[in-house]
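Read off the chains here:
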Amino acid sequence: MVEGRPASLAVRKLQGEEPPPRPALGAGGYTPADLPPPVPAELSASPVASLRLRVPGDMAGGHRLLLENARQVVLVCARGERFLTRDALRSLEVLEGASLVVGTDGFIKAIGPADAIQKQFSEETFEERIDCSGKCILPGLVDAHTHPVWAGERVHEFAMKLAGATYMDIHQAGGGINFTVERTRQASEEELYSSFQQRLGCMMRAGTTLVECKSGYGLSLETELKMLRVIERARRELDIGISATYCGAHSVPKGKTASEAADDIIKNHLPRLKELGRNGEIHVDNIDVFCEKGVFDLDSTRRILQSGKDIGLQINFHGDELHPMKAAELGVELGAQAISHLEEVSDEGIAAMASARCSAVLLPTTAYMLRLKQPRARKMLDEGVIVALGSDFNPNAYCFSMPMVMHLACVNMRMSMPEALAAATINAAYALGKSHTQGSLEVGKQGDLIIINSPRWEHLIYQFGGHHELIDYVIAKGKVIYKK
């Protein structure tokens, strides 16, 4: 606790540490322009005063949501940081005995001691009030890597893996991605949307409020666009936040070389995506390539990613998963926002990613299910890489749950619970280019959050597989989208 302050006014630092001095740009991830305005002198006595300032322009007298009397409110960060690294990961911001207000626009208007919020908003009305006594409020979880649009399950391949077959054994025998591509091409758009909607519901009930969604089981322009239309429909119709990724280079189509597939993507796929984006028909945020031995080599990967960047897409791709490819070094060269997997990343690649502020999206479910060696999360964290987490949900790694991903990251990759939570919130949002609006609970950010029935937030990670009993509410833009 902050020494000399009662618990209700304390900003508790996890692990009992005092906050480090305000870091330079890069260590905590903010610039002076990102910071909140100065605190008025009459409020400056409170260590959380800046959190209680109202955003100008809110509709006077009416708000969407009041969450009252929470045992803990886990802000994650509170000074406008865009990501957290190094020492900042050991001092996540947590308020004790606090309340939170979300305005009618879906953005957070105030966070602070329960008595202060009650006094400040005593004359105002709310569409909904939730008593959070004895419970914890956390930011909605962010899943930074998924493949959720497909047809055709692969449970039979799980049995093959248990019998000793490797990922590439199955892939080269026509299974894996190729099996799913055939089924996805055969499926109607409505069939794909129906199963996608169900999967997003499972993710949401496990606490995810923002998810990256890839295409990549079409490989042909026609089917890739079918998948992207499904993702776009969900983005418009559903409450869960979506970052859309074009992943037409997920595998080399039958009958083509990697170079020929790259030519097709550059000459046909990407111009069509640019046209559809300009017309407002499909919104795509990111471009992805499976850079791997026997799939897309460095040269083809470079050509595709650069062409995607040229039409305004963020680079966010698979690299250094099964073989050391120097994909991390390539990503830094191209200005990638994020690189996923990285089980085989080099020391030089780690250093380059740290210097370039390129996020490492680590996927503990993949290493677990494929019996791969774990990504070197500790080395990345110690060297200042922006570490994020994703579920890698796909037919090969069937996991909807970010709480379980965090647990695996702690046990198998030796991350601490604060590091894992930051990696599944602010840093995952950064990997998607969205940490300015999501990933932490701060005034001015979206009201995306979860309420768990526990007096300590760590139970969300500690209770392996227990998230369905723990999570009482999932809230997006201040609207309850799941209630247990």
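Residues numbered from 1 in each chain as written. Predicted model: local features only at pLDDT ≥ 70, side-chain atom pairs only at ≥ 80, totals over all residues. Heavy atoms only, no water.

**Description of the sheet that holds strand β12 (residues 338–341)**
Step number 1: Ordered in space as β7-β8-β9-β10-β11-β12-β13-β14, the eight strands form an open sheet in which the pairing is parallel. The sheet is open, and its two edges are formed by β7 (141–143) and β14 (387–389), each paired on a single side. Shown here is a sheet whose adjacent strand axes are inclined to one another by a mean of 25 degrees, direction ignored.
Step number 2: Across three bridges, strand β9 (residues 241–249) lies against strand β10 (residues 286–289) in parallel orientation. Looking at the pairing, Ala 249 lines up with Val 289 of β10.
Step number 3: Strands β8 (208–214) and β9 of the sheet are contacted by helix α6 (residues 221–237), whose axis makes an angle of about 175 degrees with β9.
Step number 4: Where helix α8 (residues 298–310) meets the sheet, it contacts β9, β10 and β11 (314–319), and its direction lies at approximately 175 degrees from that of β10. (Pairing = 2+ DSSP bridges. Helix = DSSP H or I, 4+ residues; strand = E, 2+ residues; numbered from the N terminus. Axes fitted to C-alpha atoms, helices over the stretch in contact; angles between N-to-C directions. Contact = heavy atoms within 4.5 Å.)

**Considerations on unusual backbone geometry**
Step number 1: Look at Leu 219: it is not a glycine, yet its phi comes out positive at around 70 degrees.
Step number 2: Secondary-structure assignment places Leu 219 in the loop between β8 and α6.
Step number 3: Of note in the backbone geometry, Arg 371 takes a positive phi value of approximately 55 degrees without being a glycine.
Step number 4: Residue position: Arg 371 is located in the loop between α11 (364–370) and α12 (377–382).
Step number 5: Residue class for Arg 371 comes out exposed when judged on its relative accessible area of 61%. (Buried < 20%, exposed > 50% of the residue type's maximum accessible area, 1.4 Å probe, protein only.)

**With respect to helix α13 (residues 402–412)**
Step number 1: Burial of α13 is extensive: eight of the eleven residues sit out of reach of the surface.
Step number 2: A distance of 3.1 Å separates the backbone nitrogen of Met 404 from a side-chain oxygen at the start of α13, and that oxygen is part of Ser 401. (Polar contact = N/O pair within 3.5 Å; in protein donor to acceptor, adjacent residues only side chain to side chain.)

**So, the side chain of Ser 454**
Step number 1: Topologically, Ser 454 is positioned in the loop between β15 (449–452) and α16 (459–462).
Step number 2: The contacts of Ser 454, once residues within four sequence positions are left out, are Gly 134, Lys 135, Cys 136, His 459 and Leu 470.

**Considering the pattern of salt bridges**
Step number 1: Per the stated rule, a full pass over the model turns up 29 salt bridges.
Step number 2: The partner of Glu 232 in a salt bridge is Arg 236, and the shortest N-O contact between them spans 2.6 Å. Of this pair, Glu 232 and Arg 236 are both found in helix α6, four residues apart, which corresponds to roughly one turn of the helix.
Step number 3: Under the relative-accessibility criterion, Glu 232 is labelled buried at 5%. (Salt bridge = Lys/Arg side-chain N within 4 Å of Asp/Glu carboxyl O.)

**Topic: α8**
Step number 1: Compared with the 18 Å implied by 1.5 Å per residue over 13 residues, the 18 Å span of α8 between its first and last C-alpha is a close match.
Step number 2: Every buried residue of α8 is accounted for by Ser 300, Thr 301, Ile 304, Leu 305, Ser 307 and Gly 308. Along α8, the residues classed as buried sweep out an arc of 160 degrees about the axis, all on the same side.
Step number 3: Buried residues belonging to α8 abut β9, α7 (258–278), β10, β11 and α9 (327–334).
Step number 4: Just past α8, the residue Gly 312 takes up positive phi, approximately 95 degrees. (Expected span 1.5 Å × (residues − 1). Arc of directions from axis to C-beta.)

**Regarding the packing of α9 against helix α10 (residues 347–356)**
Step number 1: One way to put it is that α9 packs onto α10 with a least axis distance of 8 Å and a crossing angle of 25 degrees. Accordingly, the angle class assigned to the pair α9 and α10 is roughly parallel. Crossing geometry of α9 relative to α10 is assigned as left-handed. Residues Ala 328, Glu 329 and Val 332 of α9 form the contact with α10, whose own contacting residues are Glu 348, Gly 349, Ala 352, Met 353 and Ala 356.
Step number 2: Counted by class, the contact of α9 with α10 contains five nonpolar, one polar and two charged residues. (Parallel < 35°, antiparallel > 145°, perpendicular 65-115°, else oblique. Left-handed = near helix turned anticlockwise from the far one by under 90°. Nonpolar A, V, L, I, M, F, W, Y, C, P; charged D, E, K, R; others polar.)

**Some points on the packing of helix α5 (residues 189–205) against α6**
Step number 1: For the pair α5 and α6, the least separation of the axes is 10 Å and the interaxial angle reads 50 degrees. Taken together, the axes of α5 and α6 lie oblique to each other. Remark: the crossing between α5 and α6 carries right-handed chirality. In this structure, α5 contributes Glu 189, Glu 190, Leu 192, Tyr 193, Phe 196 and Leu 200 to the contact, and α6 contributes Lys 226, Arg 229, Val 230, Ile 231, Arg 233, Ala 234 and Glu 237.
Step number 2: Its residues placed into classes, the contact of α5 with α6 shows seven nonpolar, no polar and six charged.

**With respect to the confidence of the model for the protein**
Step number 1: Per-residue pLDDT for the protein has a mean of 89; in total, 87% of the residues score no lower than 70.
Step number 2: Low pLDDT, under 50, characterises residues 1–60; the stretch is placed with 117 contacts to residues that sit more than four places away or in other chains. (pLDDT = per-residue confidence, 0-100.)

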